[in-house]
Amino acid sequence: QVQLVESGGGLVQAGGSLRLSCAASGRTFSRYVMAWFRQAPGKEREFVAAISWNGGNTRYVDSVQGRFTISRDNAKNTVDLQMNSLKPEDTAVYYCSAVQGFSLNYYYTPRDMDYWGKGTLVTVSS
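Being a predicted model, the structure only gives us computed values, none of them experimental.

What counts, and at which threshold
- Residues numbered from 1 in each chain as written.
- Predicted model: local features only at pLDDT ≥ 70, side-chain atom pairs only at ≥ 80, totals over all residues.
- Heavy atoms only, no water.
- Buried < 20%, exposed > 50% of the residue type's maximum accessible area, 1.4 Å probe, protein only.
- Helix = DSSP H or I, 4+ residues; strand = E, 2+ residues; numbered from the N terminus.
- Pairing = 2+ DSSP bridges.
- Core = buried A, V, L, I, M, F, W, Y, C linked by side-chain atoms within 4.5 Å.
- Contact = heavy atoms within 4.5 Å.
- Polar contact = N/O pair within 3.5 Å; in protein donor to acceptor, adjacent residues only side chain to side chain.
- Axes fitted to C-alpha atoms, helices over the stretch in contact; angles between N-to-C directions.
- Salt bridge = Lys/Arg side-chain N within 4 Å of Asp/Glu carboxyl O.

K.L.:
Where do I start with the pairing of strand β3 (residues 18-24) in this structure?
P.N.:
Looking down a regular strand, the side chains alternate between one sheet face and the other. The side-chain alternation of β3 yields one buried face, formed by Leu18, Leu20, Cys22 and Ala24, and one unburied face, formed by Arg19, Ser21 and Ala23. Across four bridges, the pairing between strand β1 (residues 4-7) and β3 is antiparallel. Each bridged residue has a counterpart across the sheet, and for valine 5 the counterpart in β3 is alanine 23. Across six bridges, the pairing between β3 and strand β8 (residues 78-83) is antiparallel. Among the inter-strand pairings, leucine 20 is bridged to a residue of β8, identified as leucine 81.

So this is what it looks like as structure tokens:
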């Protein structure tokens, strides 16, 4: 069982930056692929980024490639999402998620994930 708690959301102007953090419970954090998803009002939850169990590989959706960076610290049981050059279309609730495994897919759907946090709201004003 893994419990996930996100933090770091807020209001930022377009072009600004935010850093989201996800704290995970449990002693087996390193066995999980960690991912961030987001859900904008009226839209489906979408994949944003994922990181392999040891942080050696990452994946991003095209719309955030080059602007967002996912990282993890297995000693602290945390996974972060650094978001730069934010755009109004990045406005959404951002969710941290986990799925057990040592391989990293190129893309994840919500149904692929085993555990979810409750989300943190990011609002980007124009």
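K.L.:
Can you walk me through the nonpolar core in this structure?
P.N.:
Leu4, Met34, Trp36, Leu81, Met83, Tyr94 and Tyr108 are the most contacted members of the largest nonpolar core, which totals 39 residues. Going through the elements one at a time, β3, β4 (32-39), β5 (46-51), β7 (68-73), β8, β9 (92-100) and β11 (120-125) are the ones with two or more residues in this core. Counting residues per element, this core draws most heavily on β4, which supplies six residues. Leucine 81 has contacts with Leu18, Arg19, Leu20, Trp36, Val48, Ala49, Phe68, Thr69, Ile70 and Tyr94, leaving out every residue within four places of it along the chain.

K.L.:
How should I be thinking about the side chain of arginine 38 in this particular structure?
P.N.:
Note that arginine 38 resides in strand β4. A distance of 3.5 Å separates a polar atom in the side chain of arginine 38 from a polar atom in the side chain of serine 63. A distance of 3.0 Å separates polar atoms of two side chains, one belonging to arginine 38 and the other to tyrosine 94. Look past the residues within four positions of arginine 38 in its chain and what remains in contact with it is Glu44, Arg45, Glu46, Val48, Ser63, Val64, Phe68, Glu89, Asp90, Ala92, Val93 and Tyr94.

K.L.:
How do you make sense of the environment of glycine 66 when you look at a structure like this?
P.N.:
Examined against the element boundaries, glycine 66 turns out to sit in the loop between β6 (58-60) and β7. For glycine 66, a relative accessible area of 76% translates into the label exposed. Sequence-wise, glycine 66 and lysine 118 are 52 residues apart; in three dimensions their C-alpha atoms are separated by 26 Å.

K.L.:
Looking at this structure, how should I read the sheet that holds β7?
P.N.:
Remark on secondary structure: sheet strands pair via backbone hydrogen bonds, oriented parallel or antiparallel. What the four strands build is an open sheet, ordered β1-β3-β8-β7; its pairing is antiparallel. Every interior strand has two partners, whereas the edge strands, β1 and β7, have only one. On average, each strand axis in the sheet is inclined to that of its neighbour by 15°, with strand direction left out of account.

K.L.:
Is there a simple way to explain the pairing of β7 in this structure?
P.N.:
Side chains Phe68, Ile70 and Arg72 project from β7 onto a buried face, and the interleaved Thr69, Ser71 and Asp73 project onto a face without burial. As judged from the six bridges shared by β7 and β8, these two strands associate in the antiparallel manner. If you follow aspartate 73 over to β8, its bridge partner there is threonine 78. Connecting β7 to the antiparallel partner β8 that follows it, the hairpin turn spans four residues, and asparagine 77 within it adopts a positive phi of roughly 55°.

K.L.:
Explanation requested: the pattern of salt bridges in the structure shown.
P.N.:
Opposite charge on two side chains permits them to pair, given that their charged atoms come into close proximity. Overall, the coordinates contain four salt bridges when judged by the stated rule. Across the salt bridge formed by aspartate 90 and arginine 38, the nearest N and O atoms sit 2.9 Å from each other. Taken together, the positions of aspartate 90 in the loop between β8 and β9 and arginine 38 in strand β4 put the pair 52 residues apart, joining distant regions of the chain. Each member of the pair, aspartate 90 as well as arginine 38, carries the same accessibility label: buried. Residues participating in the shared-partner salt-bridge network are Arg38, Glu46, Arg67 and Asp90.

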